[in-house]
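Structure at a glance
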Amino acid sequence: MPLKHWMQLALAEGVGAVLRRRIVEKAGCVEAACEAPRSLLATVEGIGPAGAARIAQAIQTAAERAERELIRASAAGVRVVCTEDEDFPALLREIPDPPAVLYFRGSLQPRDLHSIAIVGSRKCSVYGREQAERFGALLAGAGLTVVSGGARGVDSAAHRGAMRPENGRTIAVLGCGVDIAYPPENAPLFEQITARGAILSEHPLGTPPVAENFPRRNRLISGLARGVLVIEADLRSGALITARQAGEEQGRAVFALPGRVDNPNSAGPHRLIREGATLVSSLEDILENLGPLPQSVHEPALFDAPTGADASPEQCPSSLTESQQKLVDALVSEELDANGIIEATGLPAATVLRELTLLTLRGVIRKVDSTRYARRA
């Protein structure tokens with residue numbers, strides 16, 4: 001049972017992400033890692049003969065705790081997945097130090113592969129809150145999942161905005177256990193998010209929101225997303241750390257919303273823009289500058305792109321939904337803008353905008369210019 005063994009390593013005191021990976025690689029698999037003798041552990045870089053006995057004891061001591069933790073999570077209605085599980089987010093496997101296990105309430109879905117993180121100041125201005133909610137709604141309405149940290153300010157506004165569209169999804173990544181509402185006033189918001197996405201954490205149930213948890217939490221926010229949008233952050237903000245992790249360590253796109261020059265919280269986004277982040281003023285700025293998925297990440301069937309460079313317009317992915325098929329059929333013989341597609345298909349405007357985004361990200365259709373779309377030849 002890989003989950004139990006990954007949980008055991010996750011709970012072993014003194015075994016962080018890097019050491020955990022080295023132990024598993026040396027042992028050959030996670031099951032063998034949990035039974036690794038001192039002689040093997042002594043050959044692992046970072047442990048050596050001096051630390052082998054201590055690490056072996058920590059791993060064995062964690063076995064019983066891992067079983068209790070899984071029982072406790074099941075009783076609380078909390079799901080737990082490990083890095084080997086199909087439900088474990090594919091993009092998160094790609095970061096340098098992925099978590100061994102994730103706890104979550106709600107659901108993780110294939111469409112979450114196309115996620116955007118929105119981060120920023122807890123003490124944001126009215127403008128920052130308005131823009132976080134605006135972009136949360138625009139991105140969710142276009143079919144992307146909005147990821148943030150569940151904190152006050154920009155995070156909360158982004159989550160609320162993402163739930164404005166009927167089918168909008170959002171994920172909150174916590175720096176505490178998923179059974180703890182922090183900040184406390186966001187408890188009702190977290191219940192709404194659970195119904196429309198997921199609340200997740202790498203921390204065991206009951207873990208309090210201590211300060212050292214949040215920098216580690218930030219790598220998960222960026223790791224879950226194809227890009228990070230920063231809205232209001234001072235130069236010491238954790239949002240800037242998240243953005244730099246995204247761009248420098250994880251190879252993800254970084255976006256920044258400019259703000260008032262006399263607002264200290266504009267300093268962070270403005271510095272990111274000077275350093276090469278994409279300046280954002282519209283949804284299109286984000287959609288047009290999203291980089292490709294990592295080559296090692298294979299999209300699930302729901303997002304499979306057409307195979308073969310010579311696929312004809314009539315050859316569409318079998319996984320298209322009914323509304324996606326209508327949209328593609330409308331583009332078989334001519335190029336259309338969104339209004340033309342709405343007229344040709346009879347689909348609601350919100351549905352057309354969402355499907356246009358997903359089909360463009362999948363490579364089924366392409367943008368001809370700023371307004372028109374065509375079936376990809």
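Scroll up to find the structure this text is about.
Note that the structure is predicted; figures quoted are calculated from it, not measured. (Residues numbered from 1 in each chain as written. Predicted model: local features only at pLDDT ≥ 70, side-chain atom pairs only at ≥ 80, totals over all residues. Heavy atoms only, no water.)

What the three strands build is an open sheet, ordered E10-E12-E11; its pairing is antiparallel. Every other strand in the sheet has two partners, leaving strand E10 (336-337) and strand E11 (365-367) as the edge strands with one partner each. Across two bridges, E10 lies against strand E12 (residues 372-375) in antiparallel orientation. Counted as the bridge partner of Asp 337 is Arg 372 from E12. (Pairing = 2+ DSSP bridges. Helix = DSSP H or I, 4+ residues; strand = E, 2+ residues; numbered from the N terminus.)

Per the stated rule, a full pass over the model turns up zero disulfides. Looking at Cys 34, it has no disulfide partner, and the nearest cysteine sulfur is the one in Cys 29, 9.0 Å off. The exposure class assigned to Cys 34 is buried, which follows from its relative accessible area of 0%. Left without a disulfide partner, Cys 124 is nearest to the cysteine sulfur of Cys 176, which lies 20 Å away. (Disulfide = S-S within 2.5 Å. Buried < 20%, exposed > 50% of the residue type's maximum accessible area, 1.4 Å probe, protein only.)

Judged by pairing direction, the sheet is mixed, and its nine strands sit side by side in the order E1-E2-E6-E5-E4-E3-E7-E8-E9 without closing on themselves. The open sheet has two edge strands, strand E1 (79-82) and strand E9 (278-279), and neither has a second partner. Against the sheet, helix H10 (residues 213-223) contacts strand E2 (101-106), strand E3 (115-120), strand E4 (145-148), strand E5 (170-173) and strand E7 (227-231), and its axis sits at roughly 160° relative to E5. Its contacts with the sheet put helix H12 (residues 267-274) on E7, strand E8 (253-257) and E9, and the angle it makes with E8 is roughly 130°. (Contact = heavy atoms within 4.5 Å. Axes fitted to C-alpha atoms, helices over the stretch in contact; angles between N-to-C directions.)

Relative to each other, helix H14 (residues 322-330) and helix H15 (residues 338-345) sit at 110°, their axes nearing to 9 Å. In terms of their interaxial angle, H14 and H15 are classed as roughly perpendicular. Crossing geometry of H14 relative to H15 is assigned as right-handed. Judged by residue contacts, Lys 326, Leu 327 and Ala 330 of H14 engage Ile 341, Ala 344 and Thr 345 from H15. (Parallel < 35°, antiparallel > 145°, perpendicular 65-115°, else oblique. Left-handed = near helix turned anticlockwise from the far one by under 90°.)

Now for the pairing of E5. Side chains Thr 170 and Ala 172 of E5 all project onto a buried face; the interleaved residues Ile 171 and Val 173 project onto the opposite face, where all are buried too. Sheet topology places E4 next to E5; three bridges connect them, and they run parallel. What sits directly across from Val 147, in E5, is Ile 171. Judged from the four bridges that link them, E5 and strand E6 (residues 197-201) form a sheet pairing that is parallel. Directly across from Val 173, in E6, lies its bridge partner Leu 200.

With that settled, consider the environment of Val 178. Take Val 178: it is sitting in the loop between E5 and helix H9 (187-196). Between the C-alpha atoms of Val 178 and Glu 212, which are 34 residues apart in sequence, the distance is 17 Å. When residues no more than four places from it in sequence are discounted, the contact partners of Val 178 are Val 78, Tyr 103, Arg 105, Ile 199, Leu 200, Ser 201 and Leu 205.

Another aspect to go through is the side chain of Ser 148. Mapped onto the elements, Ser 148 comes out in strand E4. With relative accessibility at 0%, the residue Ser 148 sits in the buried group. If sequence neighbours within four positions are ignored, Ser 148 has contacts with Ile 118, Asp 155, His 159, Ile 171, Ala 172, Val 173 and Ile 221.

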